[in-house]
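# Working through the structure, step by step
So you can see what is in the structure, the chains are spelled out below.
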Amino acid sequence: MTPSDVKATLSFSDGSPAMDLPVYKGTVGPDVIDIRKLYAQTGKFTYDPGFLSTASCQSNITYIDGDKGELLYRGYPIEQLATNCDYLETCYLLLKGELPNAGQKDDFVKTVTRHTMVNEQMQFFLRGFRRDAHPMAVMTGLVGALSAFYHDSTDINNPQHREIAAIRLIAKMPTLVAMAYKYGIGQPYIYPRNDLSYAGNFMRMMFATPCEEYEPNDVLVRAMDRIFILHADHEQNASTSTVRLCGSSGTNPFAAIAAGVACLWGPAHGGANEAALNMLEDVQKMGGVEKIGEFIKQVKDKNSGIKLMGFGHRVYKNYDPRAKLMRETCHEVLGALGLQNDPLFKLAMALEKIALEDEYFVARKLYPNVDFYSGIVQRAIGIPVSLFTAIFALARTVGWIAQLNEMISDPEYKIGRPRQLFAGATSRDVKPIAQRA
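Just so you know, these numbers come straight off a predicted model, no measurement behind them. (Residues numbered from 1 in each chain as written. Predicted model: local features only at pLDDT ≥ 70, side-chain atom pairs only at ≥ 80, totals over all residues. Heavy atoms only, no water.)

### Brief notes about the overall build of the protein
Check the secondary structure of the protein and you find 18 helices and eight strands. Its C-alpha atoms give the protein principal-axis dimensions of roughly 80 × 65 × 60 Å. Looking at the protein as a whole, 46% of its 437 residues are labelled buried. Taking the intrachain contacts of the protein between residues at least 6 apart in sequence as the baseline, contacts between residues at least 24 apart amount to 69%. Put simply, the protein shows about 22,100 Å² of open surface, and 52% of that area lies on carbon and sulfur atoms. (Helix = DSSP H or I, 4+ residues; strand = E, 2+ residues; numbered from the N terminus. Buried < 20%, exposed > 50% of the residue type's maximum accessible area, 1.4 Å probe, protein only. Contact = heavy atoms within 4.5 Å. Areas by Shrake-Rupley, 256 points an atom, 1.4 Å probe, with all protein chains shown as cover.)

See below:
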């Protein structure tokens, strides 16, 4: 870490000794105040629910400037990566720190492709789930179960094990997601095909059947690949922090990633695009575009309990840079499939127009986010709403792995152990049961 010229001093009004706190600079972004010795020297903790002002680690992977609407993977703007690279190039970048040259990319693609199959016994594991189980419930179990099949890559402190686990997870996640989907709809599993691209292979496993081959549409494959790129990493979000915290105990990589999958399931995180589509379907049931004004009034009424899903973001206080890219892809896909006049998509575009022009939303910077557009794209492709979050998990797996590897390699890393402000009862004695009120 690079020390700053600025020094911080913490003083107390009760006459306790003041404390000097080191300040460190990042290459970009806010400086940080180092409070690691705070408790030892003062007997006090900091209090920061939601970690809004706390840096839990130092990282070289992803940088976000929410005010500018900027997202960088290893220094590269997301706009350039989504336009000029494919998902596996992005995976290589996140894992290794630099974009691959032609030879490196070819080797990496071949390595990932050779690991796309899963152990045949995984299908018997799947049979333990109800057919109507949510795909994220299934994926949490499947990813965690990988540690039971691949004993040669479960030592998180072994760099070679972590590298093997990384390749296996990146390669097998599309296969597992497709298996979860096929199981839910009662169709046979489709084995991966090594002559297809990463996204093309995934779509074939999703939509092909033994009686009818699936011919990937280039526009749709590119859209899916872009969804993967835009969701590959997003700094220290809830699921990434979960993976780091889980991995800090020394658990195996598969268990740590399964913890990330479980965290991602929440509607405030990875389930946001599912929530956005469900919201659109609810408005459509109310009457669609003709009733959109009534819906917006309910959104503005704080007492209505109605929320506008797919708009605004915890980090971005400007237009989400991923949303701009996904918006382009959204219109490309709708055009390619001739769905511009689909009632639900017309409703989505009407809602987008209101949110971008209405002073209420503009003043609060409630711009459409990536979840709003990615949900529309996935529905157009034919992916059921319940599977949206599983596809997010597929894409985010490489980011989780990169963050986990970075943490394990950091000489300063320790098992995570947050503190608390205790506000419960003080020490008291247990009374005999007859004397209790």
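### Looking at helix α11 (residues 253-264)
Structural remark: α-helix, 3.6 residues per turn; residues separated by three or four positions point the same way. End to end, α11 covers 17 Å across 12 residues, agreeing with the expected 16 Å (1.5 Å per residue, within 8%). Extensive coverage of α11 is indicated by the burial of nine of its 12 residues. For α11, the set of buried residues is Pro-253, Phe-254, Ala-256, Ile-257, Ala-258, Ala-259, Gly-260, Val-261 and Leu-264. Next to the buried residues of α11 lie α6 (135-149), α7 (159-185), α10 (238-247) and α18 (388-409). (Expected span 1.5 Å × (residues − 1).)

### Brief notes about the side chain of Ser-239
The topology assignment puts Ser-239 in helix α10. Those residues within four positions of Ser-239 in sequence are excluded, and the remaining contacts are Gly-260, Cys-263, Leu-264, His-269, Arg-396 and Trp-400.

### Overview of the sheet that holds strand β5 (residues 32-33)
If you walk across this open sheet you meet the three strands as β1-β4-β5, and the pairing is antiparallel. Only two strands of the sheet have a single partner each, and these edge strands are β1 (2-3) and β5. Note that strand β4 (residues 23-25) and β5 share two bridges and pair antiparallel. Its bridge partner being in β5, Tyr-24 is matched across the sheet by Val-32. (Pairing = 2+ DSSP bridges.)

### Here's the deal with helix α14 (residues 321-337)
For α14, with 17 residues, the first-to-last C-alpha span of 25 Å sits near the 24 Å given by 1.5 Å per residue. Structurally, α14 contributes buried residues whose contacts are with β7 (70-73), α2 (78-84), α9 (218-230), α15 (343-357), α17 (370-381) and α18. You can read the cap of α14 off the contacts: a side-chain oxygen lies 2.9 Å from the backbone nitrogen of Arg-322, and it is on Asp-320. Of the residues one or two after α14, Gly-338 is the one with positive phi, at around 65 degrees. (Polar contact = N/O pair within 3.5 Å; in protein donor to acceptor, adjacent residues only side chain to side chain.)

### Describing the nonpolar core
Counting 118 residues, the largest nonpolar core has Met-139, Phe-228, Leu-280 and Leu-351 as the members making the most contacts within it. Sequence-distant contacts of Phe-228, that is, excluding residues within four places in its chain, are made with Tyr-87, Tyr-198, Ala-199, Phe-202, Ile-391, Leu-394 and Ala-395. (Core = buried A, V, L, I, M, F, W, Y, C linked by side-chain atoms within 4.5 Å.)

### Regarding the pattern of salt bridges
With the rule as written, the count across this model stands at 17 salt bridges. Residue Glu-412 is joined to Arg-36 by a salt bridge in which the shortest nitrogen-to-oxygen separation is 3.2 Å. On the criterion of sequence distance, the pair formed by Glu-412 in the segment after α18 and Arg-36 in the loop between β5 and α1 (38-42) is long-range, its members being 376 residues apart. For Glu-412, a relative accessible area of 38% puts it in the partly exposed group. (Salt bridge = Lys/Arg side-chain N within 4 Å of Asp/Glu carboxyl O.)

By themselves, these are just geometric observations and shouldn't be taken as functional.
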